Structures are given as C-alpha cells and as structure tokens.
Amino acid sequence: MSATGAFRLPAPGTISGACSTRLSDDPDRLLLHADGAWTTRGDFLDRTAVVAGRLAGGGLVAGDRVLLSGPSTVDLAVAHVACLRSGLVVVPVNGGYTRDELAHIVADSRPSAALVDHDGWNEILVGLAPELRTAGTDVCWDDAPVPSLDSGTPDDPALIGYTSGTTGAPKGAVLTQANLLAGAESVRQAWHWTSDDRLLLCLPLFHMHGLGVGLHGTLLTGASAVLHQGFDQRRVLGDIVDHGCTMFFGVPTMYHRLVEDLEVAALGSLRLCVSGSAPLSPLLHGRLRDRAGISVLERYGMTETVMLVSNPYKGERRAGSVGFPLPGVELRLADGTGEIQVRGPNVFAGYWERPEADEEAFVGDSGGRWFKTGDLGSVDDDGYVSIVGRSKEVIITGGFNVHPREVDDALAGHPGVSEVAVAGVPSEEWGEDVVAWIVPTPGAPPPTEAELRDFARNHLAAHKLPRRVVVVGSLPRNALGKVLRHELCEAASDE
Ligand code: MCA
Ligand code: AMP
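Residues numbered from 1 in each chain as written. Chains lettered and ligands numbered in written order. Predicted model: local features only at pLDDT ≥ 70, side-chain atom pairs only at ≥ 80, totals over all residues. Heavy atoms only, no water.

Quick look at the site of ligand 2 now. The local shell around ligand 2 holds 17 residues, among which Glu298, Arg299, Thr303, Asp375 and Lys392 are the closest. Contacts to ligand 2 include Thr163, whose side-chain N or O atom sits 3.4 Å from an oxygen atom. In the model, an oxygen atom of ligand 2 is placed 2.6 Å from a nitrogen or oxygen of the Lys392 side chain. When ligand 2 is considered free in solution it has 490 Å² of accessible area, and contact with the protein chains removes 93% of it. (Near = heavy atom within 4 Å. Polar contact = N/O pair within 3.5 Å; in protein donor to acceptor, adjacent residues only side chain to side chain. Areas by Shrake-Rupley, 256 points an atom, 1.4 Å probe, with all protein chains shown as cover.)

Structure below.
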C-alpha cells in the first residue's frame, strides 16, 4: 500500500540544496530561537558558509565523516548544516554516551573530525583516535575560503545514524542527501507545515526524530523553531504561549509528563501535536484529548527510513494506530509474520561497511528491494496501520532504543553475576523499563541494584541502565540454551 491523496514528492534533490534555497528567501525572517535570542535565516546561512570554510581549511573533504554532538544550540544546527552543504557526512552522537560507546562509533565510522560540546569528550576522542581534529560546535578554527556549497548529488551520503537495530553492536545507517530530503518533504506535505509555523523543539538533535524531522522540516519549510536543551514540561508549556508556537513534537514519555501538568491546556493553542518513536497508549491519547482538547497525531519512523507512516492531518487520528503510509512510502506486510516492509526515496542506502547486515535487512523480489523494519503490523479495513509487536530484540524506553544484549554484556562483567538476561517490562511513564534478571555467582553475596547500576554506568549511557534488578535461581532457556526473554517479561508483567 502507498500514500493516497494529492501528495507528490518532487524529483530527488539534496537536503542541503533545498534548505539553502528556501532560506535564501527573505533573509531577515526569524529562524531559530535558543539561549534567549533569535537567529534569522540570513544569519544562519552566512554562518554555515563561514563554518564550511573553516572545515575545508582544516583539510576536510567531501565524504569525510564528522562526529557531531552537543546540547541543542544554534551552533550545533549551523555546524550540522555546514557539514551537509560541504558534502561531509554527519555522524550524530548521543551526548550521554560513555567512553566505550563512543569508542565503537569512532572505530566504526573513522571520522576525520569531531565537533563536540561535552566536558571531557575532546580528551577521550583524541585518546581514541589521535589523528582526529576536534573542536566545539562553534568550530573555532581559522577562517578559510568558503568551498563550493550545495554541490553534491542526491545519492551522496549525508548522515550515518547509529542504531542498535536487530542484532549485535550498533550499526551505522547511511542516509543520502535524497533520503533526508524525502523524509522531511513527506511530513512537510502531510502535516501542512508552512513558513508560518513555529515548532517547540525539545527533542535531542542526535536522533532522527529531533534532527531529521524537527530541524530539517523547519529549515526545508522556512518555518521557525524554539530550541530547548532537554525536556522541562513547565518551560515547554510556557514557551508555547510566550513564543506563539504552532506545533510540538514529542515522545510518549513527554506527553505522559505534560498531561500531568496543571498548565497542560496550553497544548490546546497548537495546531498540531505529533507523537512518535514509541507507541502512544490509547489511554494517554484520550487523557490528552480530555485535559488539553488535542487529538495527538501519532506517526511511525525509524533511523533507517526517517518517517514512514502517519495519522492524517485532516480526518480521524485513530488512537493505537500510526495511520497511513506517507508520501513516497510503499508498505507491505510480509506473508506469515506480518513484518512491516517498506521502500521509497526515504529508505536508507544500507549499513555502513556491513554488507552482511544489508543482506539480512533487505529482501529483494521482482518488484525491487524492501527494507525489513523488524516491526510487526496489521492493517484494518479502513487502511489504518497499527504496530502490534516487534520481531527484533529491542527495548524502547522513553523513545530511546536499547539493545538487551548490550546491557547483558555490560552486567555479565560484574564478578557477582553468574548469568544475566535483560528485557523490557511495560511502564506507564517510560513505555518500557529496562529490567535485569541475574543469577548470582555461587558463594558470593548477590550484588545490590545500586552496585550493578554503578558498575554498568562505566560502560553504558544512563538510559540503558536497569531500572530494576531481579535475583533468580536460573534463567528460562529453550532446548538450545537460548534465554527466553519473553518469559521473563511475562512473569514481570504478571507481578
Ligand atoms: C533519561 N533517562 C532515561 C531516559 N532518559 N532512562 C530511560 N529511558 C530514557 N529515555 C534517565 C536519566 O539519565 C536519569 O538517570 C533518569 O532517567 C531520570 O532522568 P529524567 O531527568 O527524568 O529524564 P529526562 O532527562 O527528562 O529525559 C527523558 C526524556 C528523554 C526527555 C523523555 O529520554 C528524551 O529526550 N527522549 C527522546 C528520545 C528521542 O528523541 N528518541 C528518538 C529516537 P540517572 O538518574 O541515572 O541519572 S527514535 C527516532 O528517531 C525514530 C526515527 C522515530 O520514530 O522517532
Ligand atoms: P530507532 O531505531 O531509534 O530509529 O527506532 C525506530 C523504532 O521505533 C521503530 O522500528 C519502532 O519499533 C519504534 N517506533 C517509532 N515510532 C513508533 C510508534 N509511533 N509506535 C510504535 N513504535 C514506534
């Protein structure tokens, strides 16, 4: 199935070219608000050119990877767009990552430079790769002549998004300039996003939700956005009113907190509230309708594909469903399993230097190559798509994906742990909680929850740490010795 209606995607182009063209119009118009000040379109574009010059002067050439990480600032957005305009490949990284997690991404993507705004990261990065050029996201290198900008082709790689995916260590999903453009353009059309819109953007800019939808959508439409560093519901509700925002994008955990706030009615002043990255429960959908008078539009996407499916802007936004394929997206359910498979101009080029992962991730037939999402779906009689489960072993907590085996491996290193298995247990606030079941080492006192969290904190970002540890005598396993994670989850859910 594919999008219905009068949508049409333009011919493939580049995200940087499309955004630059849009922003060259009316240069005095407000674009981004952060740290108490507005930046105009013209100022933003000028700054991207200056930074592009510095990057070129620093020896970076098209195709080089640039690791990028920092709180949401205009500098970060400028550095990101400067890279895209120069043909550099952005590798966005979660600022909560530990040295181990960074080490994997650095070794795998082999960046030529890192633009980061976190204490201690420069030293860590140079320790990991002594040849790496580092700077803050303000890129305080010497000014140099501005290279040719926006001269890449649609098929040039633009971004490598690391994702835990279905198995093993995080893999880099390579998105081209055209993929990013198609991803932003489809929601621009579907959500009637115009230059009069103003987005309250508090999603981190190191994931596709905040970056590929929130920031790219704003730049592509020439709209404006109020950037927040982190999520504070009271500040969100206040700024929606104070800045006359028209749109808010969030993960269900954010809506869970917003609906509890006395000022939640402020959401009712927006023309559009979008939820994604994890399932929005029909209960929460209903509470938001009752308390704020809004019908949240739920949509579904992935790092590998930007956005795929969305409830309609006009028409029923059905709770518990993600709606219809977005413009350009073709979707089918695999026979037998019901796995959602997709193709379209938004679907990534493949995993970075992992041909074997591509073999597993795509399925080819006479009709072309389809990406296997690992999500299980159903389609009702009206054509609404629902996500009914996952075939991949992934926990989604507060909109962040956590691969259980990564947490298993970290906890298994503790001397008091003989066996361990981690799984996601339903949680009202977080969607799923990371929970660890451990079999203690015989003869040793079982480690406390705090000890295990402290131990794992050296290896894992805070959102991956178990919220609960359950001590058991043995783990449920199948005949081949594989741990049956679903049995652990079921036991915990029954408690
Ligand atoms: C923070 N903590 C978490 C999470 N976030 N634990 C589990 N899951 C999380 N998501 C930890 C903190 O480190 C802290 O640990 C403790 O929980 C309490 O933190 P708190 O201050 O309450 O949390 P917060 O800082 O307010 O963050 C909650 C959040 C954040 C705002 C919901 O997680 C967030 O921004 N999530 C959005 C993620 C996102 O953008 N996902 C998109 C990816 P300690 O006490 O140990 O310090 S998916 C995607 O891009 C696709 C394309 C899609 O479909 O969108
Ligand atoms: P990521 O790899 O971090 O981009 O996460 C993508 C995954 O998030 C998808 O494969 C889905 O499992 C999940 N996801 C995104 N949006 C939704 C949604 N609206 N409902 C349920 N799951 C979602």
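This part covers the layout of surface pockets. In this structure, the second largest pocket spans a volume of roughly 500 Å³. If you go around the second largest pocket, you meet 23 residues; those closest to its centre are Lys392, Val394, Glu432, His486 and Cys489. Mapped by element, the contributors of at least two residues to the lining of the second largest pocket are strand S22 (395-397), strand S24 (417-427), strand S25 (431-440) and helix H14 (485-494). For the lining of the second largest pocket, the leading source of residues is H14, giving 5 residues. (1 Å grid on protein atoms, 1.4 Å probe; cavity = no way out; pocket = protein on both sides within 12 Å on 5 of 7 lines; lining within 4 Å. Points joined across faces, edges and corners; volume = space filled by probe spheres on them. Helix = DSSP H or I, 4+ residues; strand = E, 2+ residues; numbered from the N terminus.)

The next point concerns the side chain of His256. If you trace the backbone, His256 turns up in helix H9 (residues 252-260). For His256, the side chain forms a polar contact with the main-chain oxygen of Glu428, separated by 3.5 Å. In this structure, His256 is in contact with Leu284, Glu428 and Glu429, ignoring residues within four places of it in sequence. (Contact = heavy atoms within 4.5 Å.)

Here we have 3 strands laid out as an open sheet, ordered S24-S25-S26, and mixed in their pairing. At either margin of the open sheet sits one strand with a lone partner, and together these are S24 and strand S26 (468-471). Each adjacent strand pair in this sheet contributes to an overall mean axis angle of 25°, direction not counted. The sheet contact formed by S25 and S26 spans 4 bridges and is parallel. Bridged to Val435 within S26 is Arg468. (Pairing = 2+ DSSP bridges. Axes fitted to C-alpha atoms, helices over the stretch in contact; angles between N-to-C directions.)

The strand order across the open sheet formed by 9 strands is S2-S1-S10-S9-S11-S12-S13-S14-S15, and the pairing between neighbours is mixed. The sheet is open, and its two edges are formed by strand S2 (37-40) and strand S15 (324-325), each paired on a single side. Pairing of strand S11 (residues 247-250) with strand S12 (residues 272-275), which is carried by 4 bridges, proceeds in the parallel orientation. If you follow Met247 over to S12, its bridge partner there is Leu272. The sheet strands contacting helix H7 (residues 208-221) are strand S1 (30-34), strand S9 (198-201), strand S10 (224-227), S11, strand S13 (297-302) and strand S14 (306-310), and the helix crosses S9 at an angle near 160°.

Read these as geometric descriptors, not functional statements.
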